[in-house]
Amino acid sequence: MTTFQTIQQTLAPELKQLNDRILATLDSPNVLMNNVVRTYLEKKGKQIRPILVLLSAKLLGEVNDKVIAGAVAVELLHNASLIHDDVVDDTLTRRGAPTINGSWDNHLAVLVGDFFLSNALLQGVDTGDIRIVRSISDLGRLLSIGELDEIYNARYNHPDEATYFEIIYRKTASLFVSCVEVGAYGVDVDDDRLTTLREFARLLGLCFQIKDDIFDYFSDEKIGKPTGNDLREGKVTLPLLHALASQTGEKRDAMLALLQKDVLETTEIDTLIQFAVENGGVDYAYQTMQRLRDEAAALLNRFPQSAVRDAFLSLIDFIITRDN
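Here the structure is a predicted model, which is why all the values come from computation and not from measurement. (Residues numbered from 1 in each chain as written. Predicted model: local features only at pLDDT ≥ 70, side-chain atom pairs only at ≥ 80, totals over all residues. Heavy atoms only, no water.)

A word on the nonpolar core. Grouped together as the largest cluster of nonpolar side chains are 102 residues, with contacts concentrated most on Leu-55, Phe-116, Ile-210, Leu-240, Phe-312 and Leu-315. If we skip the residues at most four places from it in the chain, Leu-240 touches Tyr-217, Leu-231, Leu-259, Leu-272, Phe-275 and Ala-276. (Core = buried A, V, L, I, M, F, W, Y, C linked by side-chain atoms within 4.5 Å. Buried < 20%, exposed > 50% of the residue type's maximum accessible area, 1.4 Å probe, protein only. Contact = heavy atoms within 4.5 Å.)

Attention now goes to helix H4 (residues 48–60). With 13 residues, H4 ought to run about 18 Å at 1.5 Å a step, and its terminal C-alpha atoms sit 18 Å apart, in line with that. Burial analysis of H4 places 12 of its 13 residues in the buried class, which makes it a mostly covered element. Among the residues of H4, Ile-48, Arg-49, Pro-50, Ile-51, Leu-52, Val-53, Leu-54, Leu-55, Ser-56, Ala-57, Leu-59 and Leu-60 are the ones counted as buried. (Helix = DSSP H or I, 4+ residues; strand = E, 2+ residues; numbered from the N terminus. Expected span 1.5 Å × (residues − 1).)

The geometry of helix H2 (residues 12–25) relative to helix H5 (residues 65–88) is characterised by a closest axis approach of 9 Å and an angle of 60° between their N-to-C directions. Taken together, the axis directions place H2 and H5 in an arrangement best described as oblique. By crossing handedness, the relation of H2 to H5 is classed as right-handed. Contacts between H2 and H5 involve Glu-14, Gln-17, Leu-18, Arg-21, Ile-22 and Thr-25 from the former and Asp-65, Ile-68, Ala-69, Ala-71, Val-72, Glu-75 and Leu-76 from the latter. Across the contact of H2 with H5, the residue classes tally to 7 nonpolar, 2 polar and 4 charged. (Axes fitted to C-alpha atoms, helices over the stretch in contact; angles between N-to-C directions. Parallel < 35°, antiparallel > 145°, perpendicular 65-115°, else oblique. Left-handed = near helix turned anticlockwise from the far one by under 90°. Nonpolar A, V, L, I, M, F, W, Y, C, P; charged D, E, K, R; others polar.)

At a closest axis distance of 8 Å, the pairing of helix H12 (residues 238–246) and helix H14 (residues 266–278) adopts a crossing angle of 70°. The orientation of H12 relative to H14 falls into the category roughly perpendicular. When you trace H12 past H14, the crossing you get is left-handed. Only Leu-272, Phe-275 and Ala-276 of H14 make contact with H12, whose side of the interface consists of Pro-239, Leu-240, Ala-243 and Leu-244. Of the residues belonging to the contact of H12 with H14, the class tally is 7 nonpolar, no polar and no charged.

To continue, consider the pattern of salt bridges. All chains considered together, the criterion is met by 18 salt bridges. Note that Glu-150 is salt-bridged to Lys-171, the shortest N-O span being 3.0 Å. Residue Glu-150 is found in helix H8 (residues 130–156), and its partner Lys-171 is found in helix H9 (residues 161–186); the two are separated by 21 residues along the sequence. Across this residue pair, the class does not change: Glu-150 and Lys-171 are buried. Connected through shared salt-bridge partners, Lys-66, Asp-129, Arg-131 and Asp-188 make up one network. (Salt bridge = Lys/Arg side-chain N within 4 Å of Asp/Glu carboxyl O.)

Relative to the assigned elements, Ser-56 resides in helix H4. Ser-56 sits in the buried class, given a relative accessible area of 0%. A distance of 2.8 Å separates a polar side-chain atom of Ser-56 from the backbone oxygen of Leu-52. When near neighbours in sequence (up to four residues on either side) are disregarded, Ser-56 contacts Val-180, Gly-183, Ala-184, Leu-197 and Phe-312. (Polar contact = N/O pair within 3.5 Å; in protein donor to acceptor, adjacent residues only side chain to side chain.)

With that settled, consider the packing of aromatic side chains. The geometry of two aromatic rings is summed up by the distance between their centres and the angle between their planes. One pass over the full model with this rule turns up 5 aromatic pairs. Between Tyr-164 and Phe-165, the aromatic rings sit 5.4 Å apart at their centres with planes inclined by 80°, giving edge-to-face as the arrangement. Per residue, the accessibility class of Tyr-164 equals that of Phe-165, and both read buried. Pairing Phe-176 with Phe-208 gives two aromatic rings, centres 5.4 Å apart and planes at 45°, and the pair type is tilted. Remark: Phe-208 occurs in helix H10 (residues 192–215) and Phe-176 occurs in helix H9; sequence separation between them is 32 residues. Both residues of the pair, Phe-176 and Phe-208, belong to the buried class. Across the ring face of Phe-208, the terminal group of Arg-49 is positioned such that the distance to the ring centre comes to 4.9 Å. Its guanidinium or amino end placed over the ring of Phe-208, Arg-322 lies 4.0 Å from that ring's centre, counting from NZ or CZ. (Phe/Tyr/Trp six-rings, centres within 6.5 Å; stacked < 30°, edge-to-face > 60°. Lys NZ or Arg CZ within 6 Å of the ring centre and 35° of its normal.)

Below is the structure:
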């Protein structure tokens, strides 16, 4: 049994409450909506984000109904963003199963995504805590800006490493930060302990996105997207950024010239991937994750030793070593 499975098993009662509430929240008088939602929920992911809400609450207090409602809110918002992303990216499968737009069409998928989003906001309101509502609202704003930043840089300006980290904070890490905020507010904690957890969550979220970006450099059907998909969309991520920054000369210039093209051929994408791998880009990305992980572990030492604290460290280790 993996460490992550152990965390899931430990949180089994709370996760059952979470999923029961998700089902009740998404129930509607519309038969079509109910059919689509039921099918979608059958392939739910690892639920790392609500697990982070629950762990934060357990580290600082006890899980209660307010915490569960907040965890449901962030999970529904996260799924709303995935559903909309699948429409934007014309993604027909996710985790080996058809997406909503793949099974139905874009029109229906957008409406279902909106339904998830509105219910996320309602769950935030149900907590009765304006801090949770604000955290979730700020999160939606940051996720949108992060995606737009990525689109802008893909089309007009290939980023440097500092810009890359700004983008992945907004588009990915901000969600993890919101999760620990919701968990802490759910047990009425808003002090230096939350400040520490926010920084831990930021580092965890950065590691999550860097690992996702590494997947783009290797072919594996379990990952759920084709090799080079980011490059195909004009996105230059950490491995290639580092390789370009560490090299000079004609080969580097040739890579930069490829990145100026509006459409890349498969062979050109393969050339960019090979350049990144051969010039230490993937190794550098792994080293960066390890550095961020060590910083996160040091932050956890500010809390008394406990099984919950150990679970936080196990979670970031799982994120770094996961294979999909």
